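Letter by letter, the chains look like this.
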Amino acid sequence: MPAVTQLIPNFLGGVSRQNDDKKLLGQVTECINGYPDPTFGLLKRPGMQHTNVLKKANGTAFTKSELDGAIWFFIERDAADSYIGAIKGSDIFVWTTTDGTFCTVTNNSASYLTGSTQKDYHFRSVQDVTVITNKTVSTAMQAAGTFVPNSVATLNLKAIVATYDYSVTIEDIKFSVTPQGSTTYDDMLLYDSGSINNSHHLVDAIKTGIEAQQSASNADFAGSWYLEGYTTSLVIKRTNGSNQVVTDFSTPSGTPVGFSINAKGGITNSSLEAFQDSVTDISKLPVESFHHRNVQILNSASAEDDYYVKFIADDGTRGRGYWQETVSRTASPGLNAATMPHQLANTGPTAFTFGPLTYTPRQTGDDVTSPIPSFIGFPIQSTFFYSNRFGMLSEDNVFFGTANDSFNFFVKSATTQVPSDPIDLNVASVRPVKLSEVLPSPQGLLLFSARQQFQVYASNSNILTPTTSVIKDLSNYEMNSDIAPVDVGTTAAFITKVPGYSKLFTMQLRDVDQGPLVVDISKIVLEWIPEGINSLTVSPQNSVIMLVDNSTSYLYLFRYFNDGEKDLFQAWTKWQLPGTIQTADIINDSVFVISQQEDEYTLGKIILDEIPSGDSVAGATTITGNTCLDMATRPVKPTSSVNAVVYDSTNEVTKIYVPYTPFQNTKGVMLLTVPTADVGTTAVVDADSGFYLEATERTEIGTGYHYFEVKGDYSSYADGIVVGYNYDFETTLPKLYYKKDANTSDYTATLTISRVTFSVGRTGPLLFKVKADGSDEWKNVEYVTDANIYKADSSPITSEHLFTIPIHQRNTNFELKVTSNFPYPVSLVSMTWEGNYSPRFYRRA
């Protein structure tokens, strides 16, 4: 039976659910609070610094019930200007991520906040605005304006031909004049009470004729009539006011009333024309009118070439001006903003305003030439910005607004289509589709639904326009539509849920004409990720995908490292944090966590990639860097008159006041470095010198102040104190097999493990535990101690070390676990095992 030794070069394989003889070198059975790093090995995760307790405007902390079931969201900007928000009922609360400062929110649209769960809302932040979408509210248009047809008429005098009849027929009553050679346009159209001539002046004939019909009690002429004379035209308006004829440009009073009119005159009866609400050609319009006179241009019998114009008077009232394209009088003026996504606008460093977005009104056309967006009548599922357009997803439609006009969803002109016009596309699938989220990519815009994925791209150019936009079916993978997919650098990641557990897929696009590469990266940990996962967050620069389960205290991490050609390692691990996680997000290399414990909510921060080699510096009230403590905080003065660290000589204990409520029946930790300079200067904690003591949580009777208590007097070392909680680093190794190569285990041979030796980097004390096959009890195993020294009153941290663990067991008779519950870093680099191997006299082929 020959003696053999084999090397496990690293522990960067992460958790694997395969049988131990199928696991690859470097994979483990379980890993809690580990952080695989290609440089330093398998690390103990960084600790979570306590930032603040979430408080109200009056400075009191929110209780558990006050934010229970809240909808949480992050407003991601740069490191110094990001926020965490919560919607509870119809209220919105916002805090800064840097220090947890409460922000003032002016809530102008509480009635829009009717959602009750996280999946009822969608959030999209761009610069100073966060667009909040209530996915339970159906969108609607504004009500169309009131319009009475044929209540305004215009007589357009084209030419004056003497001795020919000019007549106007109103309500079947004819009014005629015959101009003379000296009759001018002013004589015909401008009323002059001093020289009334019904036989030559058209306006006089109409005025006196209407008055005569009113005197004769002709009901067809009841009401107020308004005659407005212009250089070449005459405008007639009618309302339901008292019987009168007004010729002084008075503002009409009462409700408009329709009437019939036609006119003719001149040699071919074409010198005088009348129109009311529409003309066949724009040339029929006069050069003068009253401000905002609205006329439909019919062009042809088809409704598709109709458009509308309004008169813009130079002086804003009447007279000369120009005709401008406008919206139909019978069409809705635009979107009902109360039913559309709203905005949370950042109006100051700690000030926000919540209210409706200002959507651009409909400017031209009607429902035919300026169509109603396809999302009207349905809830919006997601909003996005892409290719200089603001877009929305609703049902199986994707809608892009007008280019460079963020909140405009209507065409600019009903007469011609321009590249900047809105784009309204339908996925046109053979199966039911409800689009839920988008992700941008170099190849186009990815669209996600519960069962299919699509792509929108420009067919003939790099710019999306109504004529170049194409949407195609990309793939058919099931996805949980309540969890937004995320962009992981060059790939997209999304969650699929099956009964009992979750799966994580990545999608990498190829050329436009090729299908994507979709990989189930959670296959190696099948059934390990719980079904309760409710959000994803990523850090592409740190190669981390984080899965959040807000019903527990666990985060699930997938970490990888790519050298530009392939992934050199892929690893799964999970983190256990204090309290119950409400939400978490990675912003600028830091994981921000909202957790609930002891009837309050706290904001914490985990800084990635600082533990392996960095120190933590204790400032006056903050910590720079990361200690290996959760809820790590500097002592805090409870009042201006009470020091943060106080020695109680009666009980011979030191009180260390903290800004949060300590966990009941849980021992804390005081980590201390004696400053090398005078007290009052900053001190390095969690460096290669320093020690810790257990601390007991206490609440001061009478004041209610919270503190940790340690035996002895440490008040003079206040500048070097950090307090918090230890957390377990735990890695369970698989059964050890003799491997002929990296992928082949000899599981039929007889193998007895004599000892294992761990090579570690910058690491504090470790505990090694063994469990016999069939037992549930883990027993500590003392490692073989090498002669060494370290400074008194300092942490037992070495930059490199070997731990040799005696085993002397059959490889299938035990399990080995590496743990650390100390406030010091851990860096597992590699492991070598030694033992006796017998192939049972069989030759291995």
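Residues numbered from 1 in each chain as written. Predicted model: local features only at pLDDT ≥ 70, side-chain atom pairs only at ≥ 80, totals over all residues. Heavy atoms only, no water.

(A) View of the overall build of the protein chain. Assigned secondary structure in the protein chain consists of three helices and 66 strands. Taking 845 residues into account, the globule formula puts the C-alpha radius of gyration at 28 Å, and the protein chain, at 39 Å, lies well above it. For the protein chain, the spread of C-alpha atoms along the principal axes amounts to about 130 × 75 × 40 Å. Out of the 845 residues in the protein chain, the part that is buried amounts to 53%. Residue pairs in contact within the protein chain that sit at least 24 positions apart in sequence constitute 61% of those at least 6 positions apart. Total accessible area on the protein chain stands at roughly 36000 Å², and carbon and sulfur atoms take up 48% of it. (Helix = DSSP H or I, 4+ residues; strand = E, 2+ residues; numbered from the N terminus. Rg over C-alpha atoms; globule rule 2.2 N^0.38 Å. Buried < 20%, exposed > 50% of the residue type's maximum accessible area, 1.4 Å probe, protein only. Contact = heavy atoms within 4.5 Å. Areas by Shrake-Rupley, 256 points an atom, 1.4 Å probe, with all protein chains shown as cover.)

(B) How the structure looks around empty space enclosed by the protein. As enumerated under the stated definition, the model contains two cavities of 30 Å³ or more in all. Its volume calculated, the largest cavity comes out at about 160 Å³. Contributing to the lining of the largest cavity are 18 residues, with Ile 8, Leu 25, Pro 734, Leu 736 and Lys 739 lying nearest its centre. Secondary-structure elements contributing two or more residues to the lining of the largest cavity are strand S1 (3–8) and strand S3 (27–28). Among the residues forming the lining of the largest cavity, the class breakdown is ten nonpolar, four polar and four charged. (1 Å grid on protein atoms, 1.4 Å probe; cavity = no way out; pocket = protein on both sides within 12 Å on 5 of 7 lines; lining within 4 Å. Points joined across faces, edges and corners; volume = space filled by probe spheres on them. Nonpolar A, V, L, I, M, F, W, Y, C, P; charged D, E, K, R; others polar.)

(C) Molecular detail of the packing of aromatic side chains. Within this structure, the stated rule accounts for 42 aromatic pairs. Judged by centre distance (6.2 Å) and plane angle (25°), the rings of Phe 11 and Phe 758 are stacked. Taken together, the positions of Phe 11 in the loop between S1 and strand S2 (14–15) and Phe 758 in strand S61 (residues 750–760) put the pair 747 residues apart, joining distant regions of the chain. On the accessibility criterion, Phe 11 (3% relative accessible area) is buried. With a centroid separation of 6.1 Å and an interplanar angle of 65°, the aromatic rings of Phe 390 and Phe 409 are classed as edge-to-face. With Phe 390 in strand S30 (residues 389–394) and Phe 409 in the loop between strand S31 (397–400) and strand S32 (423–426), the pair connects residues that are 19 residues apart, well separated along the chain. On the accessibility criterion, Phe 409 (1% relative accessible area) is buried. Within the aromatic cluster, the residues linked to one another by ring pairs are Tyr 359, Phe 375, Phe 385, Phe 390, Phe 399, Phe 407 and Phe 409. We note Lys 817 situated over the ring of Trp 778; from NZ or CZ to the ring centre the distance is 4.1 Å. (Phe/Tyr/Trp six-rings, centres within 6.5 Å; stacked < 30°, edge-to-face > 60°. Lys NZ or Arg CZ within 6 Å of the ring centre and 35° of its normal.)

(D) Structural view of the state of the cysteines. Under the defined criterion, the tally for this structure stands at zero disulfides. Between Cys 31, a free cysteine, and Cys 628, which holds the nearest cysteine sulfur, the sulfur-to-sulfur gap is 14 Å. Given a relative accessible area of 0%, Cys 628 falls into the buried group. (Disulfide = S-S within 2.5 Å.)

(E) Main features of the nonpolar core. The biggest cluster of nonpolar side chains holds 50 residues, and the ones touching the most others in it are Ile 545, Leu 547, Trp 572, Val 756, Phe 758 and Leu 828. At five residues, S61 tops the list of elements feeding residues into this core. The next biggest cluster of nonpolar side chains, apart from the first, holds 35 residues, and it includes Met 546, Leu 557, Val 591 and Tyr 660. (Core = buried A, V, L, I, M, F, W, Y, C linked by side-chain atoms within 4.5 Å.)

(F) Highlighting the environment of Tyr 308. Structurally, the position occupied by Tyr 308 is in strand S25 (residues 307–313). The spatial distance from the C-alpha of Tyr 308 to the C-alpha of Ser 775 is 85 Å, given a sequence separation of 467 residues. Excluding residues that lie within four positions of it along the chain, Tyr 308 makes contacts with Asn 294, Val 295, Gln 296, Gln 324, Glu 325, Thr 326, Val 327, Ser 328, Gly 365 and Asp 366. For Tyr 308, the side chain forms a polar contact with the side chain of Gln 296, separated by 3.3 Å. There is a polar contact of 3.1 Å between the side chain of Tyr 308 and the side chain of Asp 366. (Polar contact = N/O pair within 3.5 Å; in protein donor to acceptor, adjacent residues only side chain to side chain.)

(G) Spotlight on helix H3 (residues 202–215). A rise of 1.5 Å per residue sets the reference length of H3, with its 14 residues, at 20 Å; its end C-alpha atoms lie 20 Å apart and thus fit the reference within 8%. Listed in full, the buried residues belonging to H3 are Leu 202, Val 203, Asp 204, Ala 205, Ile 206, Lys 207, Gly 209, Ile 210, Gln 213 and Gln 214. Immediately beyond the C-terminal end of H3, within one or two residues, lies Ser 217, with a positive phi of roughly 60°. (Expected span 1.5 Å × (residues − 1).)

(H) Summary view of the layout of surface pockets. Empty space within the largest pocket amounts to approximately 1700 Å³. For the largest pocket, the lining is made up of 50 residues, of which Glu 76, Phe 123, Ala 484, Val 486 and Leu 536 are closest to its centre. The set of elements that each furnish at least two residues to the lining of the largest pocket consists of strand S8 (71–75), strand S12 (121–126), strand S29 (382–386), strand S33 (435–441), strand S37 (486–488), strand S41 (535–539) and strand S45 (580–587). For the lining of the largest pocket, the element with the highest residue contribution is S45, accounting for six residues. When grouped by side-chain class, the residues that make up the lining of the largest pocket number 24 nonpolar, 16 polar and ten charged.

(I) Structural context of the side chain of Asn 480. Mapped onto the secondary structure, Asn 480 falls in the loop between strand S36 (469–475) and S37. Among the residues examined, Asn 480 registers a relative accessible area of 17% and is labelled buried. Polar side-chain contacts of Asn 480 include one of 3.0 Å to the backbone nitrogen of Asp 482. Once you skip the residues sitting within four places of it in the chain, Asn 480 turns out to touch Ile 495, Thr 496 and Lys 497.

(J) Region of the structure containing the sheet that holds strand S35 (residues 453–458). Read across the open sheet, the four strands follow the order S33-S34-S35-S36; overall the sheet is antiparallel. Looking at strand neighbours, the two that pair on one side only are S33 and S36, the edges of this open sheet. Strand-to-strand twist across the sheet, computed as the mean angle between neighbouring axes with direction ignored, equals 25°. Relative to S35, strand S34 (residues 444–449) is paired through four bridges, and the arrangement is antiparallel. (Pairing = 2+ DSSP bridges. Axes fitted to C-alpha atoms, helices over the stretch in contact; angles between N-to-C directions.)

(K) The arrangement of the pattern of salt bridges in detail. Within this structure, the stated rule accounts for 17 salt bridges. The closest approach of N and O atoms between Asp 630 and Arg 45, which form a salt bridge, is 2.6 Å. Taken together, the residues span a long stretch of sequence, with Asp 630 in strand S50 (residues 630–633) and Arg 45 in the loop between strand S6 (41–44) and strand S7 (49–53) at a distance of 585 residues. Each member of the pair Asp 630 and Arg 45 is classed as buried. A salt bridge links Asp 609 to Arg 559; the nearest nitrogen and oxygen atoms lie 3.7 Å apart. (Salt bridge = Lys/Arg side-chain N within 4 Å of Asp/Glu carboxyl O.)

(L) Spotlight on the pairing of S6. Taken together, the four bridges between strand S5 (residues 34–37) and S6 define a ladder with antiparallel strand orientation. For Pro 36, the partnering residue across the bridge sits in S6 and is Leu 42. Counting the residues in the hairpin turn of S5 and S6 gives three residues.

(M) Broad picture of the sheet that holds S30. Strands sit in the order S29-S30-S31-S32 across an open sheet of four strands; the sheet is antiparallel. The open sheet has two edge strands, S29 and S32, and neither has a second partner. Between one strand and the next, the sheet's axes are offset by a mean angle of 20°, whatever the strand orientation. Sheet analysis places S31 next to S32, joined by four bridges and oriented antiparallel.

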